[in-house]
Amino acid sequence: MVERRKGAPKIILTPKGENFFSIAERWDALWRETQILQASGSQLSLAISAAESISHFVLPPVYRMLNQHTPSIRLQIRTQHTQEAFDSIERREMDVAFVVREIVSPSVTVKPFFTEEMMLLRLAVSGRQAGDTVEMEELAAQDEVFINWNRKFQFRHDQWWDPLCPSRVHLDTAGLITTFLKDARQWTIVPASIGAHMMRMGDFVLVALQGTFCRSCRLPRGVIAF
């Protein structure tokens, strides 16, 4: 399980040791959950797994409603990527998951949640306002703050912007958009719900892209797995 190299001050885990450690962590979490359930008696509980963008920008009203529920509900909310969420559902660690794509699993029931339009988000400067439309040819690839929302989005994106001329900034979380979208030339494509949230947070404007890109790329933003 562990390996101590000659002259090394520390021991390291072998691959089997790392796998065992992961299992031990899950067992410890389950033990803690069992103790809490025993202490709380018949209190209702709900364990929710959700993709970061859905959890932060879509589900907060649901979280608030559940938090105010009578009788009270013990909530456990975990932010996970799609594969992690499905694994958690299969292991019965989570009751329900909100993810951005479906993974075929014989032990998990999957239903569509919702879809939404993809919009262009930019800094709000003179001459830009919500409701405008922008031609895709006006947008330089090197100025994009890129997030790959899913495979369909990537496919449509590569049809309009040369994949061999990638953007300088690639992100895997919408939470970093405000960190990098600092120049008037920069732009990013986001789901409408995230764009609306960003507009409330700072000086941004959300506009439509002229043409077929956004109309043909409604993002399947939510899949419920349980």
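Residues numbered from 1 in each chain as written. Predicted model: local features only at pLDDT ≥ 70, side-chain atom pairs only at ≥ 80, totals over all residues. Heavy atoms only, no water.

A. Expanded view of the overall build of the protein. Helix and strand counts for the protein come out as seven helices and 13 strands. Here the protein, with 226 residues, has 37% of them falling under the buried criterion. Excluding contacts between residues fewer than 6 apart, the proportion of contacts in the protein whose partners are at least 24 apart in sequence is 72%. Total accessible area on the protein is roughly 13,700 Å²; 55% of this is exposed by carbon and sulfur atoms. (Helix = DSSP H or I, 4+ residues; strand = E, 2+ residues; numbered from the N terminus. Buried < 20%, exposed > 50% of the residue type's maximum accessible area, 1.4 Å probe, protein only. Contact = heavy atoms within 4.5 Å. Areas by Shrake-Rupley, 256 points an atom, 1.4 Å probe, with all protein chains shown as cover.)

B. How the structure looks around the sheet that holds strand β7 (residues 118–123). Read from one edge of the open sheet, four strands run β8-β12-β7-β11, paired in mixed fashion. Only two strands of the sheet have a single partner each, and these edge strands are β8 (133–135) and β11 (188–191). Each strand of the sheet is rotated relative to its neighbour by a mean of 50°, with strand direction disregarded. Judged from the four bridges that link them, β7 and strand β12 (residues 204–210) form a sheet pairing that is antiparallel. Looking at the pairing, Leu-121 lines up with Leu-206 of β12. (Pairing = 2+ DSSP bridges. Axes fitted to C-alpha atoms, helices over the stretch in contact; angles between N-to-C directions.)

C. Structural context of the nonpolar core. Counting 31 residues, the largest nonpolar core has Leu-120, Leu-121, Trp-149, Trp-161, Ile-177 and Ile-189 as its most contacted members. Breaking this core down by element, the ones donating at least two residues are β7, β9 (145–147), β10 (169–171), β11, α7 (192–201) and β12. (Core = buried A, V, L, I, M, F, W, Y, C linked by side-chain atoms within 4.5 Å.)

D. Representation of the pattern of salt bridges in the model. Enumeration according to the criterion identifies three salt bridges in this entry. For Arg-91, the salt bridge is made with Glu-93, and the minimal N-O distance between the two is 2.8 Å. By relative accessible area, Arg-91 is classed as partly exposed at 38%. When its relative accessible area of 15% is taken as the criterion, Glu-93 is described as buried. Between Asp-183 and Arg-185 there is a salt bridge whose closest N-O contact spans 3.2 Å. Judged by its relative accessible area of 29%, Asp-183 falls in the partly exposed class. (Salt bridge = Lys/Arg side-chain N within 4 Å of Asp/Glu carboxyl O.)

E. Main features of the side chain of Thr-188. As for its position among the elements, Thr-188 is in strand β11. Overall, the relative accessible area of 0% leaves Thr-188 in the buried class. Within polar-contact distance, the side chain of Thr-188 engages the backbone oxygen of Val-145 at 2.6 Å. Once you skip the residues sitting within four places of it in the chain, Thr-188 turns out to touch Met-119, Leu-120, Leu-121, Val-145, Ile-177 and Leu-181. (Polar contact = N/O pair within 3.5 Å; in protein donor to acceptor, adjacent residues only side chain to side chain.)

F. Region of interest: the pairing of β7. Across the six residues of β7, six count as buried, placing the element largely inside the fold. Summarising the sheet, β7 and β11 pair through four bridges and their orientation is antiparallel. Of the residues in β11, the one forming a bridge with Met-118 is Pro-191.

G. Here's a closer look at the packing of aromatic side chains. Taken as a whole and assessed by the stated rule, the structure comprises three aromatic pairs. Each ring, one from Trp-161 and one from Trp-187, has its centre 5.1 Å from the other, and the planes form 35°; the classification is tilted. Separated by 26 residues along the polypeptide, Trp-161 in the loop between α5 (151–160) and β10 and Trp-187 in the loop between α6 (177–180) and β11 bring together distant segments of the chain. There is no split in this pair, since Trp-161 and Trp-187 are both buried. (Phe/Tyr/Trp six-rings, centres within 6.5 Å; stacked < 30°, edge-to-face > 60°.)

H. Looking closely at unusual backbone geometry. The step from Thr-70 to Pro-71 runs through a cis peptide bond, and the omega angle for that step is 0°. Here Pro-71 is to be found in the loop between α3 (60–67) and β4 (73–79). With a phi close to 65°, Arg-92 is a non-glycine residue in the positive phi region. Mapping Arg-92 onto the fold places it in the loop between α4 (82–90) and β5 (96–99).

I. Structural view of the environment of Ala-140. Checked against the element boundaries, Ala-140 lands in the loop between β8 and β9. Residues Ala-140 and Trp-161, spaced 21 residues apart in sequence, show a C-alpha to C-alpha distance of 8.4 Å.

J. Representation of the pairing of strand β3 (residues 44–50) in the model. As judged from the seven bridges shared by β3 and β4, these two strands associate in the parallel manner. Each residue of the ladder has a partner; that of Ile-48, found in β4, is Ile-77. Two strands pair when backbone bridges link them, and β3 and β5 are joined in this way by three bridges, in the parallel orientation. In the strand pairing of β5, Ser-49 is matched with Ala-97.

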